[in-house]
Structure formats: structure tokens, C-alpha cells
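Examining the three-dimensional arrangement
Take a look at the letters that make up each chain.
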Amino acid sequence: MRRKCQVCAVRPPAMVGAGYCFDCWPGGPVVPPPCRRCGSTREYYSSGLCARCHPHAPGEKSAQWRADRQPARPPGRRSAAPQITVDSCPDCLAWGITRTFGWVCAGCRWWRDKHRTIGPCPTCGRTIALHSSNGRCRLCAKQRTIMARQLKIRPDRVPADAVARYGQQLFFARLWHNEGGGRRPYVTKTVPPDTSYLAPVAHEQLVLLDVPRDLRAGLARGFPEPRATQLEAALHHFAGQHAAQHGWSRRTTENVRRAVRILLGIQDTPGAAIKASDVMLLPAISLPARAVTDVLAAAGMLADDRTPAIERWFPIQIADLPEPMRHELGVWFRIARAGRTTPPRLLPRSDHTVKNQLHAALPVLRQWGATHPSLREITRADVAAVLPAGGYARGSLLQGLRSIFKVLKVEKLVFINPTARLSAPVPAMQAPRGVDLAALRRVLNGPDPTAAALAALLAFHAVRVKQLCHLRVTDVRDGRLHLDGQVILLAEPVRQRLRAYLDHRNARWPDTANPHLFIHYRNATHTTAVTNWWIGQRLGMTPQLIRQDRILDEADATHGDLRALSDLFGLSVTMASRYASTITTALDQATPPTP
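Below is a summary of the structure that appears in this document.

What counts, and at which threshold
- Residues numbered from 1 in each chain as written.
- Predicted model: local features only at pLDDT ≥ 70, side-chain atom pairs only at ≥ 80, totals over all residues.
- Heavy atoms only, no water.
- Core = buried A, V, L, I, M, F, W, Y, C linked by side-chain atoms within 4.5 Å.
- Buried < 20%, exposed > 50% of the residue type's maximum accessible area, 1.4 Å probe, protein only.
- Helix = DSSP H or I, 4+ residues; strand = E, 2+ residues; numbered from the N terminus.
- Contact = heavy atoms within 4.5 Å.
- Pairing = 2+ DSSP bridges.
- Phe/Tyr/Trp six-rings, centres within 6.5 Å; stacked < 30°, edge-to-face > 60°.
- Lys NZ or Arg CZ within 6 Å of the ring centre and 35° of its normal.
- Expected span 1.5 Å × (residues − 1).

1. Notes on the nonpolar core
If you look at the biggest cluster of nonpolar residues, it comprises 37 residues, and the most contacted ones within it are L457, L468, F518, I535 and L539. Looking at this core, the elements with two or more residues in it are α14 (437-444), α15 (449-461), α16 (465-470), β10 (480-483), α17 (492-508), α18 (532-539) and α19 (543-557). If one sorts the elements of this core by residue count, α15 sits on top with eight residues. L539 has contacts with V443, A451, L454, A455, L458 and I546, leaving out every residue within four places of it along the chain.

2. A few points about the pairing of strand β6 (residues 127-130)
For strand β5 (residues 117-120) and β6, the ladder comprises four bridges, and the chain directions are antiparallel. In the strand pairing of β6, I118 is matched with A129. The turn linking β5 back onto β6 is made up of six residues, and G125 within it adopts a positive phi angle of 80 degrees.

3. Considering the packing of aromatic side chains
Aromatic rings in a pair are described by how distant their centres are and how their planes are angled relative to each other. Counted according to the given criterion, the structure contains six aromatic pairs. Ring centres 6.4 Å apart and planes at 75 degrees place the aromatic pair Y20 and W25 in the edge-to-face group. For K355, the ring lying beneath its charged end belongs to W313, and the centroid distance is 5.4 Å. Sitting over the face of the ring of Y579, R578 holds its NZ or CZ atom 5.9 Å from the ring centroid.

4. Brief notes about the environment of R472
Tracing the sequence through the fold places R472 in the loop between α16 and β9 (476-477). Residues R472 and H482 lie 10 residues apart in sequence; the distance between their C-alpha atoms is 9.6 Å.

5. Points about α19
Compared with the 21 Å implied by 1.5 Å per residue over 15 residues, the 22 Å span of α19 between its first and last C-alpha is a close match. Turning to α19, its buried residues number three or more, namely P543, L545, I546, R547, Q548, R550, I551, L552, E554 and A555. Note on α19: the residue one or two positions beyond its end, H559, has a positive phi of about 60 degrees.

Laid out in C-alpha cells, this is it:
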């Protein structure tokens, strides 16, 4: 039984614990406060709520209470109690909302949570929650979408002043839905984004302070919205196409799109190429940096500002040398990596070669740095004094010093090249080593189809390790291996293991776009090849030893026939002679001397 006012016995009490309504309040009447849920100043019911928001307000009310709020009905007709259950959304004006969701439709509730800027809409003039980028309300945004579908253009192409030029189309609440739900197939209604935006802007906004970015803080407090909305739409569309071509999972695709949105939001210059140094920060918030790098590079929106590892390694290695010597080595380091285009010309060397040469010469350079401030003071006698007597150590040291002094002589930083006419005898080739056959049999007959296929190609056909890395699926056809112009008829055990591996590959990565034969979980979503290190780890032994053992076995069977070794394994005459001489030496040692 609902309580009533103790004075009029018509209206409910003003609040819990009170016995009077506001009209009968002692010393009153008192003006009711606004509804604490919807802010309405009409139809106050009880407990700070109006008749629209109070859970018991639509129930039975007295005739006097109804008469105060409704017009008089004809005599003899039954007067129904007021049922205020359906109304229009105050934001988008959609009809069909109830107090279940606070008299706001679900779309506008989401809009309020996402866009917290309150102000006058420049299109319709209402003071309401506005979009954070274009500054318009949800009703105008919906009207813009409707016009874009009618004109078959993207919503951002619709002029802002045309949205409310001829009025706005109202709609029912909770009837906007996505196609594809239930049994209905998905029907594309949107226009693909303009890919012409996939081009970096020509200008750059300079910053006063280069402050390191903390993505973890952005994850906790929210990232800024991208200002280049057209570029964001184009990159999201391109990422979806790239993911479909490379067989990415839905989770990877969504993570890449989220990462792209974050990177566009933290840009100093909207529309500029995204810096690779910013991409490398993504793993801190569990987003894939490599996949994002691939997408941006393919779209032409990546600015690779990363410092190569060797450029960070070089200053550390020479830090304890005198300043003149550091300057001279810096000149050598720059020319060795970039080359020299003016006479005398020098070809650029790979970073691996430059690193090995400096690593071999560093102990001697540090020894000279204790007594000589510059490499100008180094003489031929100083070089000869530090060279080992022979072996690989002498050749490596002389090669490193010769590379340094050759460049310094060309640049006129030293008077003479003290390494000139110094030679390092070529050490004798070591005999190839064999392989543990028991371990090899375990791999060949083991449960891992990838390791078994790798071991079979090495053990039966002695395929080079580098060739194994870059083998493509199309290189294996018709029971033959097409390899660098050479056609190898595969042995039956090799065919069996390759069939098992291909079945495993198709079952594990059915949508991969990687053309290489051997892949793993890290490069299955890319197009890169595996590495020598991965092959060794998969086999559990050095792959080169398996290849050497197969060539030694063939040299033994053909009694050291150089032509057969060269044709079968693609060896040069020098390398074939190495294996033949190993067999000949072993035979001579096994044959007892004639008495």
C-alpha cells in the first residue's frame, strides 16, 4: 500500500521519512527540486524523482492527483491512470526510450561516454555532447551518414552546411543495426576510403622539446584522437587488405589497427610518415611492432629513423682511444660502410665485414693508443711486431689493419700505409668433420616433420644451408628439386618427409602468404625467410656437418672423382679437391705399407 500525504491524501509524500507533499508542506507550498535523474522540473513525484523516473509513478493514482495534471474527461468515461513509459531521447530525438536506460537511447549513452565535450552544435545549434574531432552532435552525424549513403560517397565528403539545410530525418530508437546479424548476409553499404591519402605530407611540425613518449601512461589515461581522420580510414582499410593477403588472424589485424590509431594520435605532424622509433614503443603495451612496421612500409607511411646497431656499437668500442685516433677511425668507419665514389674508388662493405675487421684490430689499436695518440705514428715495424707468426689470427689481424690504413692513406690522414707488402700465408684447409649418425637417425625418424624434412634434404642431397633458408614451395614439384638452375631428382625417403611436412604446413598455416618452403610461427605472417640459426636449433646439430658428411660419403663412393662431386653438389674444383684429398689421406693411412 503506497503512502499518501497526511494533509491532502492525494499526492505521495515528498521524500522518504516525510509525511507531507511539497504542496502541503508546513509553511509552504514549497517548489519541488529538479529530478535528480533527468533534471526535469515538472511532474515531481517523490524521493527526488519525477513521475517519468520514479519506479512506482506509472501505477495507480487518485482521481484528484490525475485531475491536477490531466484535462477533464467526459462524464461516464473511465479515466485511465497516466502511464508515462515511452518518450523521445533528449539527444537524438529518437522515439521509443524508457526509463530503463535513464531516458537516453543506447547510442546516445555511448556517445556521451566517448565524447565528453558539451557545447552548441554548429549545425543544429543545440547544446549537447559533441564529437571530439568534427564538433557535431550525434543527430547531425547520423543525418550526414544517411546523406552519404544516398549520394554514395564517404561521410567526410558531405558538406557540413548541407546536413540540416532541408531538415533532419528522425528515427526510432534501437533500430540502427549492423548487417550480417542473424541469418541475413552482410551487405556492404560504405564506400571504400580514399587511398590517395596514403602519402606523407611535405611539411613537418618541429617541436621545442623532444620528450620520450610513455605509451603505458597513455594506456592508463587515454590516447589523443587522430587528427588525420582520412589517413586513419585509409590505413585501416590497407591494413585489412594486407592482413587478408598474409593470412593474419583477426586478433592480429585488430591489434595492428589499434596500434595505427595510437601512432596517428601521438604524431607531432598530422599526416606525416610514422616514425619507426615510435613503432618500436608498441611492445610496451603488448602491441605487435613488426606487423605494424610491415603495414606502414607497404603503405609508404614509414619513416625509418632508427639508428643501426653498429652505429651505437662503434663509439663504445673506441671510447678509450685517444681523440686523434678516434677521429681517424671514424673516417674509416664512415667510408668503409658508404664507400668512396671519387678516385680512388672504394666499394662499400657490409656491416658484418666492418664489425669483424674492427673487432680483429681493436686489441692492437688499444695497445698502440697507450703510446701513440695518432695512427700517423704507426710504422711498418710496429705492425710487424704485433702480427702473429701465422694461422688465422695473423690473416684476420692483417686484414683489419690493412682496411683501416688503406682508407686513411686515400684520405691523406696517414703518410704511408704500414701494412703494404706484408703477407699472411693461407693456412691449410682442415679436413671436413663427420656427423653423429645416431643423432641424425633420431631426427630423420622423429615426430617433428619440419626437422625430418630439413635433415633429409641435407643428408640425402647435401643442399646448402643458405639454399634451404630461401627454398620456395614452387621449387619442389614433380618429385624434383629445382635449385639455382640445377634439377635434383629427390630420393623416395626425402619425398615422404617433404609430403609429411607440407601436410603439417598446410594444416598449421593454411592462409599464409609466405612463399618460402620452411616457415615457423614468427614468419608465417610475413614473407621473410628462416635463418641458419633457426635450422640449427630445429635440427639440434650443426647443419653444415650433415652436408659435409654426405659429400664425404659420395667422395668415398666415387674414389674422389672431382667431376662427379662438382656436378652433383655444385662444388668448385677447389672445394671438391678438399673432400677428395680427405678421402685419399684416409685411404693412405688405412693401407698398410708394403714390406
